[in-house]
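# Summary of the model geometry
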Amino acid sequence: MHPDTHALLIVDVQTDFCPGGALAVPGGDAIVPGINVLMDDFATVILTQDWHPPRHGSFASEHPGRAPMEVTQMPYGPQVLWPDHCIQGTPGAAFHPDLRTDPAQLVIRKGCRRAIDSYSAFFENDHTTPTGLEGYLRTRGITDLTLVGLATDFCVQFSAVDAARLGFAVTVRAELCRAIDTGGSLEAAHTAMRTAGVRMG
Ligand code: VGL
Ligand code: ZN
């Protein structure tokens, strides 16, 4: 059991990110049993949930002539265009059916605004609009975070780097994460996390 100052952040373990889903991450479902076991080591367990309105701006279907996995320019920077995924209230947006959700004390939903994507559990992709997670953690005296989930090179990476920049001691358990790995994103993610001082456990 970790001390009460240490929380587990489980990123986007949702049906659409698992095999058969709209934005399937290879092996995404394989991490569920290990995450279920890991939850018992933490007094504070937090889940994040990618939670897009229909016609979200990150969907390739909103960009005529563009295909999923292409990169476009948004006012806040480059944006990979995704297949429609994790639409609020749809089965694909639900947590993987085998994921234990009862131990979670907080569910952070993100990507809720059409105009801006949100990979990080802390900030939307403009890197300024907060989700409120930082305040939640600080007011509860959390200093250390362990991250697991999907996808290593997007939401896990952005969450881990933001957490480290905010001053939390961050460990990413790589064997309990899986990556999309498009256009060199996994290697870039490893570099960014290492540079930010994230420990890869
Ligand atoms: C994610 C792409 C689009 C993720 C979310 O959870 O890593 N990736 N939306
Ligand atoms: Zn998304």
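Residues numbered from 1 in each chain as written. Chains lettered and ligands numbered in written order. Predicted model: local features only at pLDDT ≥ 70, side-chain atom pairs only at ≥ 80, totals over all residues. Heavy atoms only, no water.

## Quick word on the overall build of the protein
Secondary structure assignment for the protein yields four helices and eight strands. Reading the protein from its N terminus to its C terminus gives the helix and strand order β-α-β-β-β-β-α-β-α-β-α-β. The C-alpha atoms of the protein give 16 Å as radius of gyration, which agrees with the globular expectation for 201 residues (17 Å, within 12%). Principal-axis analysis of the C-alpha atoms gives the protein an extent of 50 × 30 × 30 Å. Within the protein, buried positions represent 52% of all 201 residues. Taking all contacts inside the protein whose residues are at least 6 apart in sequence as the whole, residues at least 24 apart take part in 74%. About 8600 Å² of surface is accessible on the protein, with carbon and sulfur atoms providing 54% of the total. (Helix = DSSP H or I, 4+ residues; strand = E, 2+ residues; numbered from the N terminus. Rg over C-alpha atoms; globule rule 2.2 N^0.38 Å. Buried < 20%, exposed > 50% of the residue type's maximum accessible area, 1.4 Å probe, protein only. Contact = heavy atoms within 4.5 Å. Areas by Shrake-Rupley, 256 points an atom, 1.4 Å probe, with all protein chains shown as cover.)

## Quick word on the coordination of the zinc ion (ligand 2)
On the protein side, the zinc ion (ligand 2) has D50 (OD), H52 (NE2) and H85 (NE2) as donor atoms, found 2.0 to 2.2 Å from it. Coordination at the zinc ion (ligand 2) is irregular: its four donor atoms span angles of 88 to 168° at the metal. Here the donor residues of the zinc ion (ligand 2) are spaced in sequence according to D-x1-H-x32-H. On the basis of relative accessibility, which here comes to 3%, the residue D50 falls in the buried class. Judged by relative accessible area, which is 0%, H52 ranks as buried. (Donors = N, O, S within 2.8 Å, 3.2 Å for Na, K, Ca; no water. Tetrahedral: all angles 85-135°; square planar, octahedral: opposite > 155°, others 65-115°.)

## Description of the confidence of the model for the protein
With 100% of its residues at a pLDDT of 70 or more, the protein shows a mean pLDDT of 97. Here the predicted complex scores 0.97 on pTM and 0.98 on ipTM. (pLDDT = per-residue confidence, 0-100.)

## Let's talk about the site of ligand 1
Around ligand 1 sit D12, F17, L23, D50, W82, H85, L150, A151, F154, C155 and I180, and those are all the residues in its vicinity. Taking L150, its main chain carries an N or O atom lying 3.3 Å from an oxygen atom of ligand 1. When ligand 1 is considered free in solution it has 250 Å² of accessible area, and contact with the protein chains removes 100% of it. In this structure the site holding ligand 1 corresponds to the largest cavity. Within the shell around ligand 1, the residues separate by chemical class into eight nonpolar, one polar and two charged. (Near = heavy atom within 4 Å. Polar contact = N/O pair within 3.5 Å; in protein donor to acceptor, adjacent residues only side chain to side chain. 1 Å grid on protein atoms, 1.4 Å probe; cavity = no way out; pocket = protein on both sides within 12 Å on 5 of 7 lines; lining within 4 Å. Sits in = over half its atoms within 2 Å of the grid points. Nonpolar A, V, L, I, M, F, W, Y, C, P; charged D, E, K, R; others polar.)

## Notes on the pattern of salt bridges
Scanning the entire structure with this criterion turns up nine salt bridges. Here K110 and D12 are joined by a salt bridge, their closest N and O atoms 2.9 Å apart. In this pair, K110 is assigned in strand 5 (residues 106-110) and D12 in the loop between strand 1 (6-11) and helix 1 (32-38), connecting sequence segments 98 residues apart. Accessibility classification places K110 together with D12 in one group, the buried group. (Salt bridge = Lys/Arg side-chain N within 4 Å of Asp/Glu carboxyl O.)

## Section: the side chain of D16
Inspection of the secondary structure puts D16 in the loop between strand 1 and helix 1. Although D16 lies buried, it forms no salt bridge, and the closest oppositely charged side chain, K110, sits 12 Å away as judged by the N-O distance. Among the polar contacts listed, one links the side chain of D16 to the backbone nitrogen of A22, at a separation of 3.1 Å. With residues up to four places along the chain from it excluded, the contact list for D16 reads G21, A22, L23, A24, H85, C86, G92 and A93. (Lys, Arg positive; Asp, Glu negative; His and termini not counted.)

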